[in-house]
Every structure is written in C-alpha cells, then in structure tokens.
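An overview of the molecular structure
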Number of protein chains: 4
Amino acid sequence: MHFASDNWAGAHTKIAESLTQHAGGFAAAYGASELDKKVEAKFNELFEREVAVYFVSTGTAANSLALASVNRPGGVTLCHREAHVIEDECGAPEYFTNGARLHPVDGAAGRINPENLKRELKRFNPAFIHAGQPMAVTITQSTEVGTLYSLEQIAEISSICHSHGLPLHLDGARFANALVSLDVSPADMTWRQGVDIVSFGGTKNGCWCAEALVFMNPDSAKDLPFIRKRAAQLYSKTRFVAAQFDAYLQDDLWLDLARHSNDLAQKLAQHITNSSQLRLAWKPQANEVFAIMKRTVFERLQKAGVHFYDWNPPHAEMHKVMDEEVFARFVTSFANTQDEVDQLGALIA
Amino acid sequence: MHFASDNWAGAHTKIAESLTQHAGGFAAAYGASELDKKVEAKFNELFEREVAVYFVSTGTAANSLALASVNRPGGVTLCHREAHVIEDECGAPEYFTNGARLHPVDGAAGRINPENLKRELKRFNPAFIHAGQPMAVTITQSTEVGTLYSLEQIAEISSICHSHGLPLHLDGARFANALVSLDVSPADMTWRQGVDIVSFGGTKNGCWCAEALVFMNPDSAKDLPFIRKRAAQLYSKTRFVAAQFDAYLQDDLWLDLARHSNDLAQKLAQHITNSSQLRLAWKPQANEVFAIMKRTVFERLQKAGVHFYDWNPPHAEMHKVMDEEVFARFVTSFANTQDEVDQLGALIA
Amino acid sequence: MHFASDNWAGAHTKIAESLTQHAGGFAAAYGASELDKKVEAKFNELFEREVAVYFVSTGTAANSLALASVNRPGGVTLCHREAHVIEDECGAPEYFTNGARLHPVDGAAGRINPENLKRELKRFNPAFIHAGQPMAVTITQSTEVGTLYSLEQIAEISSICHSHGLPLHLDGARFANALVSLDVSPADMTWRQGVDIVSFGGTKNGCWCAEALVFMNPDSAKDLPFIRKRAAQLYSKTRFVAAQFDAYLQDDLWLDLARHSNDLAQKLAQHITNSSQLRLAWKPQANEVFAIMKRTVFERLQKAGVHFYDWNPPHAEMHKVMDEEVFARFVTSFANTQDEVDQLGALIA
Amino acid sequence: MHFASDNWAGAHTKIAESLTQHAGGFAAAYGASELDKKVEAKFNELFEREVAVYFVSTGTAANSLALASVNRPGGVTLCHREAHVIEDECGAPEYFTNGARLHPVDGAAGRINPENLKRELKRFNPAFIHAGQPMAVTITQSTEVGTLYSLEQIAEISSICHSHGLPLHLDGARFANALVSLDVSPADMTWRQGVDIVSFGGTKNGCWCAEALVFMNPDSAKDLPFIRKRAAQLYSKTRFVAAQFDAYLQDDLWLDLARHSNDLAQKLAQHITNSSQLRLAWKPQANEVFAIMKRTVFERLQKAGVHFYDWNPPHAEMHKVMDEEVFARFVTSFANTQDEVDQLGALIA
C-alpha cells in the first residue's frame, strides 16, 4: 500500500510510449526542436493566450527560477508559513535568488489569510530600505495540506498583490489535481484570477520528469533563457520533456490521472472518517489526506506495509495534535488502485 | 547530415526500452529506490573502488556542483582558457559557488599546459588574501577541442594539484569517447592518475538525460545531498536516471556507442584532410572535428543541409584562422552513420 | 529632542581625539599594524580568554559574516521573529550566506521562547534533506525591543543550541547597554553562558564606525580573513577602527556611555508612565523605550520637534495597539541629556 | 622608508580635523544628514553635472557594487587581465554579483588593448546563451601598474562599450593621481570620454576611509539604496564619510596630495633609472613605481628598512623578469617626503 508520495509512482504507460516514439532521429538541442515548439504551442491553447514556457528539471527549479525572474535587491517573497518553498526545498529559492527572503504569512488550512497578507505588506514602508522590498507573493494550488484556494480566494490574493505592484506566482506541483477538483479551466484558475507565473508540474501526476515554468506575460520572461541556463536547468535534449508533456496533455490524460488520484483520496478520507483509530485532520480537496493517530497505530500501520510519512503539523493546526500522537500524510497517485485504498481501509476500520 | 552536436541525437533504443521497463510500480523517491542503489553499485564496479555517485540533470549541473562541493571563501578554480565551465555554461559554476572565480590557464590543443599551471598557482601566496585562494583545478576529457590528455598528462596535472593541496576535477561530458580512444579503464583514466571528482556524462552518448557526479573519495561528498537538493538538482523520480544508466552501462553499450562516434570522426577527418576546400585544424582524438574554410564554403555547406556550427577559435590557435575564414566544428554521435559522413565527404571533396 | 536613534549621535570627544592622535605616521595596512594588535589584545582581556577579533564596517556586516562563517548548504538560522537580521538588514544575512534561510521563532518581549525554539528545531529531521539543516541560532542582546535576556535565559538557549550541535551567535549592536543593565562582565554575558560568536557594536554607543566580530573559539574563525575580504569588509587603514576601540574601551568609557543612555531611558519611561497621553508598551531594560499613543498625539509631538519613529509592533504584541494608535520607539544615546528627556516629559505630561 | 602602499599612510591632518569638527550634535543617520547632502552636492560641482553618489566603506565595495548595479543573469564583465577586481579583491566582484564572470582582456602596460577588447566581445553571440552576456567593461585609472589611459584611450574604450550597449566603469582608487598627472578635470576624464560609473577613492590619498560610488546617470542607480544596504555597506553615521570628503575636496586638498605623491614617484623613478642595481620596469605616470632587481638586492633593501613588496609581474610583461630576479612595487603617498625618497636613492645608487 503506497501512500508515501505521488512521486513514488513511475511514469504512465503513455508517457513512456511517447518517449520511445521520439527517441530516434536528430533534433535541434536546447529547446529549439519542432517537438518543443509544438508542445509550447499546446500551452498557448491550454491557457487560452500566448504564454512563455520554459521546461526545467524539478518543481523546486520551477519555483526557484520563477522567483529569480522577479528578483530585486533586498527582495522579499511572501508565502504561506508552511509553503513548499520554505519547508521542502532546502533553501533553493533563497539560493537561486541569492538571498531574497521568504516572508511567512500565517493562514489556516494551508491558505494565506488575506488579512494577514495585508498586515505583513504594511510592515514594508518603501522609504525604509532596511526591511527590504517585497518582490512577489507565491501560493500553492493545491496547497501543501491538500486543500484548495477557490477562484474567489485566488482573485482576492492577486488583488492585494497587484495593488502593491507585486506579481503573483502559483506553485502548481499539483496543478491538475486542483483543476479537476474545482472543475475549471487552466485560464480560469490562473490569469483570469490574476496569477502571473505558474510552476506547472507534470512529474507528480504521471510523468518521469516534466516541469514547466509558464509566464502569462511573455515579456516578463525575457531574461529567462539566461536565468535557466545559468541555473543549469537547460536540458540539451529538451525534446524528452516535450515528449512527456505531449502525451500528458493529449486527450485529457493529465486530467484523467488527476481525477483518479483525487477520487482515491476522497475514498481514503471516508475510510479515515469511519475509523475508530484515526481522525481526519481536515477534509481533503485534492490527492493528499492528513490524519492524526496514536503513535502505536502509526507503528502498526508501518509494520503492516503501509507506506506513508509522519509530517510536521502546520503551525496553525498544531493544537490539534496531542503529545503522544502522530500527524501523518497519505498521498494518492495515478498508480494507486481502489483495492489498495480499501485494504488500508480494512486495516484501520 | 547532422554534425551540429552529439546532443541533437535522441536516445538509444536500449535506453528507451529500459525506461519503459522501469516505468511501472512504486519505488522510493529521491534516490532511495532499489534501482538507484543497484546502479550506484555499478559505478563502484566501474571505477574499481567505492565511490559516491549523485545523479543530476545536466553536465553544467555536474560541473557546477562538483565545484560547489569544494568551495571556499574567495575560492579560485584553475581551468583551461576555453574550458566548457568558462565558455559554455553561462556563468553557472560561478553562480552555484556564489562567485568562486574561474582562473584561465593557457595551453595548446585544449589542454592545460603544466608549466602555465605552475606559474599561475605561484601567483597565489597564502599570506596574500587579496588574491583569493585556489580551491580546485578542472580539466576536460575529451577536451573542448576534441583532443585528449594522455594518462601521463593527467598524472602530471594531478601531481601539481596535490602538491598544492588542490582536488582535481575532470569534466567527462564525453568521458566514454576519451576512454575508448585511449583504450583504458575508468579507474586508469581517473583516480589512478589522481583525479578526485568526475562529471560522468551519459547524455551526449545516447541517454536522454543522465549525468552523474562521481566522488572517488565518498567522505569528501558528505554535504552533497544538501548541495544537490539546494541546487534544485534532486529529481524525485531518480530511478528514471538510474534506468538510463542501467542500460547504458550494460554489456558495454556506452563504449560501443562512443567507439562508433569516434570512428566516424576519424573518417570525417580523413575526408577533410583529402578536401581541397577545408583544412583540418588539428587531428581529432574523440568525436569532435574542427576545420577551417572560406566563408563561401561554410555557407555553401549550410545550404546543402549540413548541420554544423561556426565556432570561436581557441586563443592559442587564433592565428591559424584568416580574416575571411570560418572556424567550424563537426560532432559525430552514436546516431550518425558512415553514409552520412561519406555524403559530407563527397560535398567537400 | 533627538530620540530617533542612537546612531543620530556623532562620535564621543575621546573617540575623535584618538583618531587625531593616530592619524600620523605609517602603519601596516589590512589589520597588521601594532595598534590593531594592541586593541585585539584588549579584547582578550575584556573577554578573559583568547578570542579572534575582526573589525568590520557595520553591524549588518558583523551579523552577516558571523552567519557566513557557520554557513552550510541548505543552512537555516533560527532567530526571533522580529530580529534585526530579519527586519532591518535588507536581506544582507541571506545575501552573504547565499541564501541560508532565517527561520523565525516566536517569543514575547523580543526574546526567543525556549519552548518554541525546541519545537521549531524538532521540525528539522536530519534524514529529511528537503527542509535544509539548522546551522545556528542568533539572539540579540539587548533585544530589538529594549529588553534583555537574563544570564539564565541565555544559558537556556545555548543549551538547546549545543544539544543540537549549533553555535549561538549574539547580536550585540547594543552590547554595552545590556552589560551595564545586567551589571555583569562580558565573559559572563557570553561564553560563560554558551555564546560562541558576538557582534560587538561600538557605533551606536559613541564611535563613528567601529564594529567587531568576536569568536570565542579562534579556531572556528580560520576562514574569516577570506570571508571578510571577499565581503569587501576589510578596511585598508584598519587602525582607524582600532583607534576608536582603543579609546572606547579605555577607562570604561564604553560602560559609562551606556550607563548614561540607559539611565535616560529609565527617566523617559517614567515620564511616559506618568503621561496621560502615552502608555508604555513594556518596561525598558536598556536604551530603547516603546510607547503607544493616538495618532494625533504622535503628530503633535513630531511637530513639536521631537525626533522619534513610529515602528512595526512585534507580532506577539500587536494586540496591544488599537487601530487608530501609533506604536513608537524612542532611543536614548550618550549624546542626549536629562534636560532633553525632561523637555519631552513636559510635552507629554 | 615606507613605499609598501599608499594605504600605510594614516589620515591627513585636515581630514582628522574635519572629523573632530563634525563629531558633536545629532544628525539624521543613513545618509540623510545635511552634511551628507552638502557633500553630495559638491560631487555635482566636481563632475559638472548631476550625479548620484553613494558612500561605501572600501574600494572593493565600490567596485563590487558598481558591477552589482549593472548585473545580468549570466553576466560577464570585461576587464584587464590583471585588474584589481580580478587580482586583489578576493572574489568580491563575483560574490556581490552572485557569480557574474570577470573576463580578462590582455593589454600592455596595464591598459586594455582596444583590439583585444573587440575580439573578446566578438566571442559573445547574443543568440548563444551558453557563453553568457556581456554586462560591463571596467578599466582602472591610474592602472594597476602606475600607468594612465589618455583621454583618447578612454574614449576609444567607451566607444567600443557603447556600440555593444555596455556601460563603462572606471575604478578610480587612485583617481586623483591620474587627474593631476593628465592635468584634466574630473568631467574630462570621465563622462566626457563616455565613462558611466566611477569608483571614486579617497582612502589611498589621505582619508581614513572614504570611498564614493558615482553614477553619471542618476537614473541608472535607482536600486542602489537597496543594493548598498543589502551589501552591508550603508554606514549609519554616514556623515563621518561626508566629513572626510568635505575636507578632502576643500581648496583642492585632494589634488595637492596627489600631486605630491606623483612628484615623489617621478623622483624615485629617476633614482632607479640612475641605479646600477635596479632597472625601471616602465615609466611611471602616477604614484606607483615598478622595478626589477636581483633577489639579493631585494633582500638587502628589505633589511635596510625599506618597506616595499615583491609583486606578480603582469602576464604581458613577464618576459622582462629573469628567473633569479624580483619584480617589485614602490608606492608613494601624501605622507612620504622627498628626504625619504632620496635616502632610498642613496641605498640603490
């Protein structure tokens, strides 16, 4: 029973097939091949506007280069207190921006609280250079804790950003999971709500290694070719990313895979709700499920072959976890099955 | 006729097959899978000692993280004046080391001249902090200009390094091409001659995207897990690199592919030698061939569908190129054929 | 009435005299002069042990280089949520460490709460490289909000640090003010309580520009000469800093000046306590006094020629400030007089 | 006999007096005082246009922040092969630009050869991102080897820069020495020849610690307040730098001091020309004199109490120095006397 992470899954068959299909023949390197161009054009369709697309190797790279592209001296990026960029990227965003600070903003359920965002932005007086200068806000959709921002919530955040002249970045490592859960279009979930830059992740949802940095305004990405190359993120054989995205975006494969993962998460949540041994931390909206249990239960499940991790509870929710308890994360992926979920359900019934 | 670069080729069939084979099922992410472990063990065999191996996404990343791993405040890395780290990585080595300087050393035929290396090292007096402190020497094998260091030449460089307490890094983007040309073992070409760190490239020789950073002394790589993650170079599904290397190293595939490329380069060089329109810049020893021709010839070949680049001549060889001439590079790869080379031969006869 | 900051004062007469006295003649540059050596030796006496001392140009430089000296890949420094390093250095600590993250820890009255520190450190599992690795804890004494850590509180923090293998840095921009208020020795306030590195400030207490970075364990500072030079912080005529410290430390000048400032702060606090228009935010322990007042009062005082700043209230104390109120800071210095304080007292009576 | 460096001298009496005069009273910190404003206005007069002026702590800081202000991803600054930024700043320029590369250009007598500059710039094809992108050219006046660029030579360099869209920076650590030797105005030596940014040094010519970064186009310096603060280069009591420059620029003190140093250098050069034991490396044009001598002579002079350094010969002049010889530097300063020079003359006669 594999619920450790959606990146424990390999690649979907159609992704593997696409790679095989494009393996032969010569093609211009460094993003100049016809396949690259074709797949880039697909992103224009997807987002219903002309966007600038840059393939990179990891989600951490996508987020870090997004911030590097809006970097300023003394720059500060506001993000949720437990954002991936803070808690899970080993300092990469600060490293790639040469020290632009991540400024944590509190908020329940993994979402930046708009009032807190306004309050924190008020702490930066443009005449007071000592504090540095805000340079961006970043949100994660679906969030680190498996919840979602509604379209209205995204629009509210972006409106605060833009009134301060700040771009809004969206970490979409699980973009597809959010999209199918909200049942909206990519355009609706991004630029129509004021999102400026998206880390568009494919890896967690069935690709081997396919991440794209998408700029809604191509003009704002003019330095990206240098930023990406300097960051050692320019593959020579970029077509191998393009080939993955080609299959991924074909015939809604990506949406089907995300829907599958999300459905399993709902079923798992139901099992937990029914369980006498675990309690659900909050209602999942994508493919991550958080639960609280006694340490003895945690250990029993681990021994029974359930792969899942204990996790740092968010600051805003720490009070929910008692001293002898374990806060844990379960992630479902395209490669999980209903059977597997039900087996886990039986173990915790 | 594709001679633009060996990274215009895609992936060898066996690489693609291996990816397909390993696509299914769950496996621990971030380098902890069984396949990762198995392939890492292959590197121990390959190098005939226990080494530390880290998979990264690009050759630029391998070189940059190699230097980051030996970084010092005010650090200076000595390299050939036209080394890839200087001329082709958009400042990535300096970026990842936060500014460790690359100090160019002159030398003919792409090789650091040992006397020049000694002379440049003499310019650094440990009591004179203003100059900074040497932290490493890096060489490229095969070199940027398609030549090789002999084992003796490597040993001479490493002996200078070690007498100054400096590690020697080898940029092996075309490691296999050098190996088969010298007809020696990986151990012979590296640690037995005093090489400490190797960027072991697979991409240019038939993989999609497979680069490994190899430390001959695993103790010296203790911080690498953090260095790699901070650099956004830790793939989640690392097994997809492992799967490529698994096939690459199986049954000497990598050596066969490199031998093929080298053989074609020799044939191409022969055609150029025989040509009345081109002259060979120097004798190739791996899979890159440099030639000098009139601009009119260059343009005619381009129009005839020969893909190849004009190139900046090395400082030490600039005198060989007349004003109205073009200095050009031809690269052969596993995907080229003898036919293709002969077609080019016919065009320049 | 000047209460804007202690750095609005110039230099004390004795500091100016010392500079004049040492202006003539030749002396070895870059820290090698006899005066440099003599003043460095004074620091040994002061701290009752052999320390390593490095003069730098600003308090921000001292703090940033302190952190640079303990830097690690993916490094994280834990500090108070409103520490000077976070709120007032424009990202310099992250810049000089190339992105080592500052991790905020909550605590009342400007002090890191030890339980919160333990809790935050628990979030870093050495096996989980994604979070980065703690590299130091830094505290400020006197704190940003004019309070003090008692010796026991310092010892408690350092004991947590050392049980995690982390060095403890103390930002002593107002070191003297804390010292005289606690009435202890430098040794007592630092290494005897487990402090490893001190930013020893002279500028705010009567020097022009004299900051020293002091390492209790000289071995841990071996790279500092390169770290300082690379950071453009090595003055050529270092004796001009040495000359300032020479006078500063002579006959307890520094302690007398700090005592004077602290006394005035106590008197100012008394005036505020007696005022019907202002209320004291908390009891001052050094030379900074924080008060809350209506915006109309704030504006009236500004117009009356009182120089002082409105200030961002600490997160932990934000509830104390009503919507229409201003949170403000008053700082006293060696150059203020009792008269000036009483004039302000009269204005707010 | 002190010829080790002009920074072995202390501060001129008038500088010390000015500091004493401005020590009392309160003044706005961080560059906002009336004295700061007044001295900044002096720079406008000096340069005969409105310039932006930023005081910093060291010449290395001035140069590094100049480059940081024109920084680009993958940026490359072209400079002389033995420029101070390469050889004497411990990597600070690369550090502060987070790795913008310094690209050495050869040239005789410490001057960038314009033909070589053109040739090196040609190596950067805007379509070839791998090489990075040129971002500035920097020259030193007077040069590292005590020579000068004529106005025509500066204009020639700047014309090459501007035809490539690059700003020209001038490292003026010894700006005054060049100025009096050429007998021209600051405007003539800088913007009238196309210089865009100047590191204007006062320290080597009689100040304690006074360096200014001067932008001929104030608009190009808009980010400097943040760049300087982030670099820990914003003094709180900036008026202490202003006070130095106030005296320095008063009644041509700075020019008188430089003229004195230069005159002594000429006399010293004459002694060397007359000497049977030393030979002049080249004719000095400012206050640095380079000479070649047998090692035995070098040691005898050192023993006789002559303070001076052996030096790395420039690459272009290495052939002038025989194996058993020492290449040495003598520097004269405002604090040296004719007597001292004649004493040295007697020793080498």
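Residues numbered from 1 in each chain as written. Chains lettered and ligands numbered in written order. Predicted model: local features only at pLDDT ≥ 70, side-chain atom pairs only at ≥ 80, totals over all residues. Heavy atoms only, no water.

Considering the sheet that holds strand β3 (residues 101–105) of chain A
Residue and element names in this part refer to chain A. Put simply, the rule is: One requirement defines pairing of two strands: DSSP has to find at least two bridges between them. Runs of E in the DSSP output that reach at least two residues are strands. Runs of H or I that reach at least four are helices, and both are numbered from the N terminus. Fitted lines through C-alpha atoms serve as axes, helices being fitted only where they are in contact, and the angles separating the N-to-C directions of these axes extend from 0 to 180 degrees.
Taken in spatial order, the 7 strands of this open sheet run β1-β7-β6-β5-β4-β2-β3, and their pairing is mixed. Here the strands that pair on one side only, and so sit at the sheet edges, are β1 (52–56) and β3. The sheet shows a mean angle of 25° between the axes of neighbouring strands, taken without regard to direction. Inspection of the sheet shows strand β2 (residues 75–80) paired to β3 by 5 bridges, in the parallel sense.

Section: the relation of the copies chain A and chain B
Here is the rule we go by: All copies are superposed by least squares; the fitting set is the C-alpha atoms of residues with a pLDDT of at least 70 in both. Should any heavy atoms of two residues lie within 4.5 Å, those residues are counted as being in contact.
Under the fitted operation, chain A is carried onto chain B by 0.0 Å of movement along the axis and a turn of 180°, and the coordinates agree to an RMSD of 0.0 Å. What the rotation and shift describe, once combined, is the action of a two-fold rotation axis. When C-alpha distances to the rotation axis are compared across chain A, the minimum falls at A:Ser57, with a value of 3.4 Å. Mapped onto chain B, 100% of the interface residues of chain A are again interface residues, and the two copies thus contact each other with one and the same surface.

Considerations on the pattern of salt bridges
Applied cut-off: Here, a salt bridge means any side-chain nitrogen of Lys or Arg that lies within 4 Å of a carboxyl oxygen of Asp or Glu. Exposure categories follow from relative accessible area, calculated using a 1.4 Å probe and restricted to protein chains: below 20% of the type maximum is buried, above 50% is exposed, and the middle band is partly exposed.
All chains considered together, the criterion is met by 68 salt bridges over all chains. For A:Arg81, the salt bridge is made with A:Asp106, and the minimal N-O distance between the two is 3.2 Å. Here A:Asp106 lies in the loop between β3 and α6 (114–122) and A:Arg81 lies in the loop between β2 and α4 (84–87), a separation of 25 residues in the sequence. For A:Arg81, a relative accessible area of 10% translates into the label buried. Close ionic contact of D:Arg192 with D:Asp188 constitutes a salt bridge, the shortest N to O distance being 2.9 Å. Judged by relative accessible area, D:Arg192 falls into the partly exposed class, the value being 39%. Judged by relative accessible area, D:Asp188 falls into the partly exposed class, the value being 24%. Salt bridges linked by common partners bring A:Asp6, A:Arg174, A:Glu288 and A:Arg329 together as one network.

Topic: helix α7 (residues 151–163) of chain C
Residues and elements named next belong to chain C. Filter applied, for reference: How far a helix is expected to stretch is found by multiplying one less than its residue total by 1.5 Å.
Taking 1.5 Å of rise per residue, the 13 residues of α7 would be expected to cover 18 Å, and the 18 Å separating its terminal C-alpha atoms lies within 8% of that figure. Taken together, the buried positions of α7 are Leu151, Ile154, Ile157, Ser158, Ile160 and Cys161. Elements in contact with the buried residues of α7: α6 (114–122), β4 (133–140), β5 (168–172), α8 (175–182) and α9 (186–189).

Observations regarding the relation of the copies chain C and chain A
Aligned on chain A, chain C shows an RMSD of 0.0 Å; the corresponding rotation is 180° and the shift along the axis is 0.0 Å. Here 100% of the interface residues in chain C have copies in chain A that are interface residues too; the copies meet face to matching face.

Some details on the packing of α6(C) against α7(C)
Residues and elements named next belong to chain C. What counts here: Here is the rule for angles: anything less than 35 degrees is roughly parallel, anything more than 145 is roughly antiparallel, 65 through 115 is roughly perpendicular, and the remaining ranges are oblique.
The geometry of α6 relative to α7 is characterised by a closest axis approach of 10 Å and an angle of 10° between their N-to-C directions. Classified by the angle their axes make, α6 and α7 are roughly parallel. Across the interface between the two elements, Pro114, Leu117, Lys118 and Leu121 from α6 touch Glu156, Ile157 and Ile160 from α7.

Things to note about the environment of D:Asn312
So the rule is basically this: Whenever a nitrogen or oxygen atom comes within 3.5 Å of another N or O atom, the pair is scored as a polar contact, on the condition that within protein one atom can donate a hydrogen and the other can accept it, and that pairs from neighbouring residues in sequence are kept only if both atoms are in side chains.
Relative to the elements of secondary structure, D:Asn312 occurs in the loop between β10 (309–310) and β11 (325–331). Counting along the chain gives 15 residues from D:Asn312 to D:Phe327, while the straight-line C-alpha distance between them is 7.0 Å. Contacts of D:Asn312, omitting those with residues within four sequence positions, involve B:Lys122, B:Arg123 and D:Phe327. Here the side chain of D:Asn312 touches B:Arg123 through a polar contact of 3.0 Å, landing on its backbone oxygen.

A look at the interface of chain A and chain B
Spelled out, the test is: Summed over both partners, the accessible area lost on bringing two parts together, with a 1.4 Å probe, is the buried area.
Across the contact, 53 residues belong to chain A and 53 residues belong to chain B. Across the chain A/chain B interface, buried area totals approximately 4,300 Å², and carbon plus sulfur atoms make up 63% of it. Our count for the chain A to chain B interface comes out at 0 salt bridges. In this structure, the connection of chain A to chain B is made through 30 residue pairs in polar contact (both at pLDDT 80 or more). For the side of chain A that touches chain B, the secondary structure elements donating two or more residues are α1 (13–21), α3 (59–69), α5 (92–96), α10 (224–230) and α11 (239–249) of chain A.

Concerning the environment of A:Gln285
Residue and element names in this part refer to chain A. The residue Gln285 is located in the loop between β8 (278–280) and β9 (288–294) in this model. For Gln285, a relative accessible area of 27% translates into the label partly exposed. Placed 136 residues apart in sequence, Gln285 and Tyr149 show a C-alpha to C-alpha distance of 9.8 Å. Beyond its immediate sequence surroundings of up to four residues, Gln285 is in contact with Arg111, Gly146, Thr147, Leu148, Ser181, Asn262 and Gln266.

Considering the sheet that holds strand β7 (residues 211–215) of chain B
Residue and element names in this part refer to chain B. An order of β1-β7-β6-β5-β4-β2-β3 is seen for the 7 strands of this open sheet, with the pairing classed as mixed. A single partner strand is all that each edge strand has here, and the edge strands are β1 (52–56) and β3 (101–105). Across this sheet, the average inter-strand angle for adjacent strands is 25°, counted without regard to direction. With 4 bridges joining them, strand β4 (residues 133–140) and strand β5 (residues 168–172) adopt parallel strand pairing. In the strand pairing of β5, Ile139 is matched with Leu170. Contacts between helix α11 (residues 239–249) and the sheet are confined to β1, β6 (197–201) and β7, with β6 contributing the most and set at about 85° to the helix.

Regarding the domain arrangement of chain A
All names here are of chain A. Just so we agree on the cut-off: Throughout the structure description, domain borders are defined by an automatic or database domain assignment. When residue character is reported, Ala, Val, Leu, Ile, Met, Phe, Trp, Tyr, Cys and Pro are called nonpolar, Asp, Glu, Lys and Arg charged, and the others, Gly included, polar.
By the assigned domains, chain A splits into domain 1 (13–253) and domain 2 (257–348). Opposite the 21 residues of domain 1 that make contact, domain 2 presents 20 residues. Among the residues domain 1 hides against domain 2, the three largest losses belong to Val145, Arg174 and Asn177. Together they make up 25% of the total. Taken together, domain 1 and domain 2 are joined by 1 salt bridge. Residues Glu288 and Arg174 are paired through a salt bridge, measuring 3.3 Å at the closest nitrogen-oxygen approach. Scanning the region where domain 1 abuts domain 2 turns up 12 residue pairs in polar contact (both at pLDDT 80 or more). Sort the elements by how many residues they give to the side of domain 1 that touches domain 2 and helix α8 (residues 175–182) lands first, with 4 residues. The class makeup of the residues in the side of domain 1 that touches domain 2 is 7 nonpolar, 9 polar and 5 charged.

Examining the interface of chain C and chain A
Chain C puts 30 residues into the contact, and the matching count from chain A is 30 residues. Between chain C and chain A lies a buried interface of about 2,500 Å² when both sides are counted; carbon and sulfur atoms form 46% of it. Summed over the three residues of chain C that lose the most area to chain A, namely C:Cys90, C:Arg101 and C:Arg123, the buried surface amounts to 26% of that side. Applying the counting criterion to the chain C and chain A interface returns 6 salt bridges. One salt bridge in this structure joins C:Arg101 and A:Glu94, with 3.7 Å as the shortest N-O distance. One can count 16 residue pairs in polar contact (both at pLDDT 80 or more) joining chain C with chain A.

Observations regarding the pairing of strand β9 (residues 288–294) of chain C
All names here are of chain C. Among the 7 residues of β9, 6 are classified as buried, and the element is accordingly described as predominantly covered. Both strand β8 (residues 278–280) and β9 contribute to a ladder of 3 bridges, which runs antiparallel. For Leu278, the partnering residue across the bridge sits in β9 and is Met293. Two elements, β9 and strand β11 (residues 325–331), share 7 bridges in a ladder whose sense is antiparallel. Looking across to β11, one finds that Ala291 is bridged to Ala328.

So, the pairing of strand β11 (residues 325–331) of chain B
Among the 7 residues in β11(B), 7 count as buried, and that is most of the element. Of the two faces of β11(B), the one holding B:Glu325, B:Phe327, B:Arg329 and B:Val331 and the one holding B:Val326, B:Ala328 and B:Phe330 are both buried throughout.

So, unusual backbone geometry
Here the bond from B:Gln141 into B:Ser142 is cis, since omega is -5°, no more than 30 degrees from zero. Looking at the element boundaries, B:Ser142 is found in the loop between β4 and α7 (151–163). We note that A:Ala109 has phi near 55°; this positive angle belongs to a residue other than glycine. Among the secondary structure elements, A:Ala109 is positioned in the loop between β3 and α6. The phi dihedral of C:Asp251 is positive, around 50°, even though this residue is not glycine. Within the secondary structure, C:Asp251 is located in the loop between α11 (239–249) and α12 (253–274).

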